[in-house]
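Next come the chains, spelled out residue by residue.
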Amino acid sequence: MPGRALLLVNSKARRGQEDLSQIRERLSSGGLELIEPRGESGDWSELIRRHHREADLIVLGGGDGTINRALGGLLEAQLPLGILPLGTANDLARTLALPSDPVAACEVILSGHIQRIDVGRVNDRPFLNVASVGLAVDVTRRLSQGAKSRWGVLAYLWAAIAALVRGHSFAVEICCDGERLRTRTWQVAVGNGRNYGGGLTIHQEARIDDGLLDLYSVEVQRGWHILLLIPALWRGALDPVHTVRTLRGTRFEIRPLRRPRSITADGELVGQTPAIFELKRQALSVYVPAPLENESQ
């Protein structure tokens, strides 16, 4: 697979300080000329904007937050993206069935199998996994880089429990396909991909290339009731659960009925409500494992 690869690695990601020599060696031996900007300041999107004309593809090492912060530049560059899962949750990598070992992820890139995937947008901010209003915002605020580095995915669990203890429900208006409903909820999540929050499933039928957004609203009376939903949240089997409202569509609007509320997208705080969630079909090319022969027939 000859070509020039812009290699960007977030050293602040959970595994970003690991020895990258094997990654460089494998990509180079596979025929890629690596372009690694040194000593440059700026965010990930800006680095991509500066250097994408020098490359044929982009290889990005980090977690979901890293990819989210690079997404603006990736969408402008329109180069294929290879992902090295070096973060804590790596939910996009899970959705795309990428191996957790970054050297094995190099093999996926070198295989050259590309898939076009959808990109969600909340207000003016693109996202790949999920955007939320409610408890997920409190979880994001409580997650420290140190806790994620030390405890990994378990850090999400402790942050979620702490958020539940102090959290409360709120009144919200949800608009989908011209229909409006009002309810009280603890969280409204809108997913583009399949996985979020360290392995939870937004919906058991969700795909990142299906042209649909999946919404769920947790409408339990007391916060501790959410603990009883963990098995369903893990599997994405929320449709039979009467305390969780599920909707599928291409556009949602969320308006809290009192004060504005913060929004998180792919683990990043991105603004406040009111929030409009939309979808851009097949907006990004990514390297994914080639389908098994019997799956492609």
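Higher on the page you've got the structure.
Thresholds applied
- Residues numbered from 1 in each chain as written.
- Predicted model: local features only at pLDDT ≥ 70, side-chain atom pairs only at ≥ 80, totals over all residues.
- Heavy atoms only, no water.
- Helix = DSSP H or I, 4+ residues; strand = E, 2+ residues; numbered from the N terminus.
- Contact = heavy atoms within 4.5 Å.
- Areas by Shrake-Rupley, 256 points an atom, 1.4 Å probe, with all protein chains shown as cover.
- Core = buried A, V, L, I, M, F, W, Y, C linked by side-chain atoms within 4.5 Å.
- Buried < 20%, exposed > 50% of the residue type's maximum accessible area, 1.4 Å probe, protein only.
- Pairing = 2+ DSSP bridges.
- Axes fitted to C-alpha atoms, helices over the stretch in contact; angles between N-to-C directions.
- Disulfide = S-S within 2.5 Å.
- Phe/Tyr/Trp six-rings, centres within 6.5 Å; stacked < 30°, edge-to-face > 60°.
- Lys NZ or Arg CZ within 6 Å of the ring centre and 35° of its normal.
- Salt bridge = Lys/Arg side-chain N within 4 Å of Asp/Glu carboxyl O.
- Parallel < 35°, antiparallel > 145°, perpendicular 65-115°, else oblique.
- Left-handed = near helix turned anticlockwise from the far one by under 90°.
- Nonpolar A, V, L, I, M, F, W, Y, C, P; charged D, E, K, R; others polar.

Overview of the overall build of the protein
Secondary structure summary: the protein contains ten helices and 18 strands in total. Summarising the internal contacts of the protein: among those between residues at least 6 apart in sequence, 72% fall at separations of at least 24. Entry remark: accessible area of the protein is about 14,000 Å², with carbon and sulfur atoms responsible for 48%.

Quick notes on the nonpolar core
Ranked by size, the top nonpolar core spans 47 residues in total, and within it I58, V59, L74, L81, L84, L96 and L284 carry the most contacts. Ranked by residues supplied to this core, first place goes to helix α3 (residues 64-77) with six residues. Setting aside residues up to four positions removed in sequence, V59 forms contacts with A5, L6, L7, L8, L27, G82, L84 and I109. If you look at the next biggest cluster of nonpolar residues, it comprises 19 residues, including V122, I254, A275 and F277.

A look at the sheet that holds strand β17 (residues 268-272)
Here we have six strands laid out as an open sheet, ordered β14-β13-β10-β7-β16-β17, and antiparallel in their pairing. Lying at the two open borders of the sheet, with one neighbouring strand each, are β14 (244-249) and β17. Taking the axes of each pair of neighbouring strands and ignoring which way they run, one obtains an average angle of 20° across the sheet. As paired elements, strand β16 (residues 262-265) and β17 share four bridges and run antiparallel to each other.

Overview of the pairing of strand β7 (residues 130-134)
The buried fraction of β7 is high, at five of five residues. Two strands pair when backbone bridges link them, and β7 and strand β10 (residues 187-191) are joined in this way by five bridges, in the antiparallel orientation. The residue bridging S132 from the neighbouring strand is A189, located in β10. As paired strands, β7 and β16 are joined by three bridges and run antiparallel to one another. Across the sheet, the residue bridging to S132 is T264, located in β16.

Thoughts on the state of the cysteines
Inspection of every chain in the model, using the stated rule, returns zero disulfides. The thiol of C175 is unpaired, and the distance to the nearest cysteine sulfur, on C176, comes to 7.3 Å. The class of C175 is buried, set by a relative accessible area of 10%.

Considering the environment of P289
Take P289: it is sitting in the loop between β18 (275-287) and α10 (293-296). Once the C-alpha coordinates of P289 and I114 are considered, the two residues, 175 residues apart in sequence, prove to be 8.4 Å apart. Setting aside chain neighbours within four positions, we find P289 in contact with L96, A97, L98, V108 and H113.

Remarks on the packing of aromatic side chains
Any aromatic ring pair is given by two values, namely how distant the centres are and how the planes are angled relative to each other. For the coordinates displayed, the defined rule picks out one aromatic pair. Considering the side-chain rings of Y196 and Y216, the 6.2 Å spacing of their centres and the 50° angle between planes classify their relative orientation as tilted. Note that Y196 is positioned in strand β11 (residues 195-196) and Y216 in strand β13 (residues 213-218), a separation of 20 residues in sequence. Across the pair, Y216 and Y196 agree in class, each one buried. When the ring centre of F170 is taken as reference, the NZ or CZ atom of R261 above it lies at 4.0 Å.

Structural notes on the pattern of salt bridges
A full pass over the atoms with the stated rule returns 21 salt bridges. Of the charged contacts in the structure, one is a salt bridge between E18 and R15, with a shortest N-O distance of 2.9 Å. Between R180 and E253 there is a salt bridge, and its shortest N-O distance comes to 4.0 Å. A residue pair is termed long-range when its members are at least 10 positions apart, and R180 in strand β9 (residues 179-185) and E253 in strand β15 (residues 252-256) qualify at 73 residues. One network of salt bridges, in which partners are shared, links E173, R180, R182, E253 and R255.

Description of the packing of helix α1 (residues 21-29) against helix α5 (residues 102-111)
Each pair of packed helices can be summarised by the angle the axes make with each other and by the distance between the axes. In the contact formed by α1 and α5, the axes pass within 9 Å of each other and the chain directions differ by 20°. By the angle between their axes, α1 is roughly parallel relative to α5. Handedness of the α1/α5 crossing: right-handed. Mapping the contact onto sequence places Q22, I23, R26 and L27 in α1 and P102, V103, C106, E107 and L110 in α5. Taken together, the residues of the contact of α1 with α5 break down into six nonpolar, one polar and two charged.

Geometry only, nothing functional implied.
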